[in-house]
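# Descriptive analysis of the structure
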Amino acid sequence: MASSYRNNKKHDLFVSFRGEDTRDNFTSHLYSALCRQNIQTFIDDQLNRGDEISESLVNAIEASAVSVIVFSEGYASSRWCLDELVKILECKKEYAQIVIPVFYRVDPSDVRNQTGSFGDSFSKLEERFKENSKKLLTWRNALKEAATLSGFHSLNIR
């Protein structure tokens with residue numbers, strides 16, 4: 001399975017981000033810089049509708065060699081972001097996909113422990129999904145795992 005993944009790689013990089021937090025600033029600058037370096041980058045600039053992340057988004061994650069997760073204050077308030085995160089970590093395990101967390105105006109320990117303003121965002125989502133404790137636990141574990149990976153934390157740009 002891993003060899004078919006490598007042969008079908010469509011993108012060098014997948015970027016997971018919370019649109020309303022970073023689309024018009026950090027993420028758009030990152031995307032432009034990557035394109036200038038001829039790095040094939042997938043960025044989902046569609047507004048998510050429906051309950052699940054789309055199959056095309058799942059395919060884009062699977063078809064990328066590297067995923068960059070831009071953690072921002074509102075990232076944990078989006079079920080789509082968290083579902084992307086879970087899928088990215090699955091690809092890390094299954095295909096040895098490289099995963100790079102970027103902490104944009106949030107502290108890694110707040111992401112890891114769902115505390116601070118990042119935790120406040122997660123609490124809002126928790127309220128909406130309190131009946132689905134399995135899903136919440138999956139998201140919590142994914143946040144904890146991703147926040148322990150080596151990443152970039154010098155992004156408290158004001």
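Residues numbered from 1 in each chain as written. Predicted model: local features only at pLDDT ≥ 70, side-chain atom pairs only at ≥ 80, totals over all residues. Heavy atoms only, no water.

- Going by an unreviewed UniProt entry, the protein carries the name TIR domain-containing protein and comes from Citrus sinensis.

## Here we look at the packing of helix α5 (residues 79–95) against helix α8 (residues 133–147)
- Axis separation between α5 and α8 bottoms out at 9 Å; the angle between their running directions is 60°. By the angle between their directions, the pair α5 and α8 is classed as oblique. Relative to α8, the crossing made by α5 is left-handed. Counted together, Arg79, Leu82, Asp83, Leu85, Val86, Leu89, Lys92 and Lys93 of α5 and Lys135, Thr138, Trp139, Ala142, Leu143, Glu145 and Ala146 of α8 form the full contact between these two elements.
- Looking at the contact of α5 with α8, its residues break down into eight nonpolar, one polar and six charged. (Axes fitted to C-alpha atoms, helices over the stretch in contact; angles between N-to-C directions. Helix = DSSP H or I, 4+ residues; strand = E, 2+ residues; numbered from the N terminus. Parallel < 35°, antiparallel > 145°, perpendicular 65-115°, else oblique. Left-handed = near helix turned anticlockwise from the far one by under 90°. Contact = heavy atoms within 4.5 Å. Nonpolar A, V, L, I, M, F, W, Y, C, P; charged D, E, K, R; others polar.)

## Considerations on the packing of aromatic side chains
- Taken as a whole and judged by the stated rule, the model has six aromatic pairs.
- Their ring planes at 10° and their centres at 5.5 Å tell us that phenylalanine 14 and phenylalanine 42 sit as a pair that is stacked. Of this pair, phenylalanine 14 sits in strand β1 (residues 11–17) while phenylalanine 42 sits in strand β2 (residues 41–43), and the two are 28 residues apart along the sequence.
- For the ring pair phenylalanine 71 and tyrosine 75, a centre distance of 5.0 Å and an interplane angle of 70° mean the geometry is edge-to-face.
- Its relative accessible area of 0% is what places tyrosine 75 among the buried residues.
- Among the aromatic residues, those joined into a ring-pair cluster are Phe71, Tyr75, Phe103 and Phe118. (Phe/Tyr/Trp six-rings, centres within 6.5 Å; stacked < 30°, edge-to-face > 60°. Buried < 20%, exposed > 50% of the residue type's maximum accessible area, 1.4 Å probe, protein only.)

## Regarding the nonpolar core
- Residues Phe71 and Leu85 are the most contacted members of the largest nonpolar core, which totals 31 residues.
- Sorting elements by how many residues they give to this core places α5 first, with eight residues.
- Residues Leu13, Leu34, Val102 and Tyr104 belong to the second largest nonpolar core, which totals 12 residues. (Core = buried A, V, L, I, M, F, W, Y, C linked by side-chain atoms within 4.5 Å.)

## Here we look at the pattern of salt bridges
- Within this structure, the stated rule accounts for eight salt bridges.
- Close ionic contact of aspartate 83 with lysine 135 constitutes a salt bridge, the shortest N to O distance being 3.1 Å. Taken as a pair, aspartate 83 in helix α5 and lysine 135 in helix α8 lie far apart in primary sequence, 52 residues in all.
- Take aspartate 83: its relative accessible area is 9%, and that puts it in the buried class.
- Here the salt bridges do not stand alone but share partners, grouping Glu62, Lys87 and Glu90 into one network. (Salt bridge = Lys/Arg side-chain N within 4 Å of Asp/Glu carboxyl O.)

## Regarding the pairing of β1
- Summarising burial for β1: six of the seven residues are buried, a large majority.
- Alignment of β1 against strand β3 (residues 64–71), held across six bridges, turns out to be parallel. Looking at β3, one finds that histidine 11 is bridged to serine 64.
- Of the pairings in the sheet, the one linking β1 to β2 comprises three bridges and is parallel in character. Note that in β2 the partner of valine 15 across the bridge is isoleucine 43. (Pairing = 2+ DSSP bridges.)

## Quick look at the sheet that holds strand β5 (residues 152–155)
- Here five strands make up an open sheet; going across it, the order is β2-β1-β3-β4-β5 and the pairing parallel. The two strands at the open ends of the sheet, each matched to only one other strand, are β2 and β5. Averaged over all adjacent pairs, the angle separating strand axes in this sheet is 25°, with direction ignored.
- Together, β1, β3 and β4 (98–104) form the strand contacts of α5, whose direction differs from that of β1 by roughly 145°.

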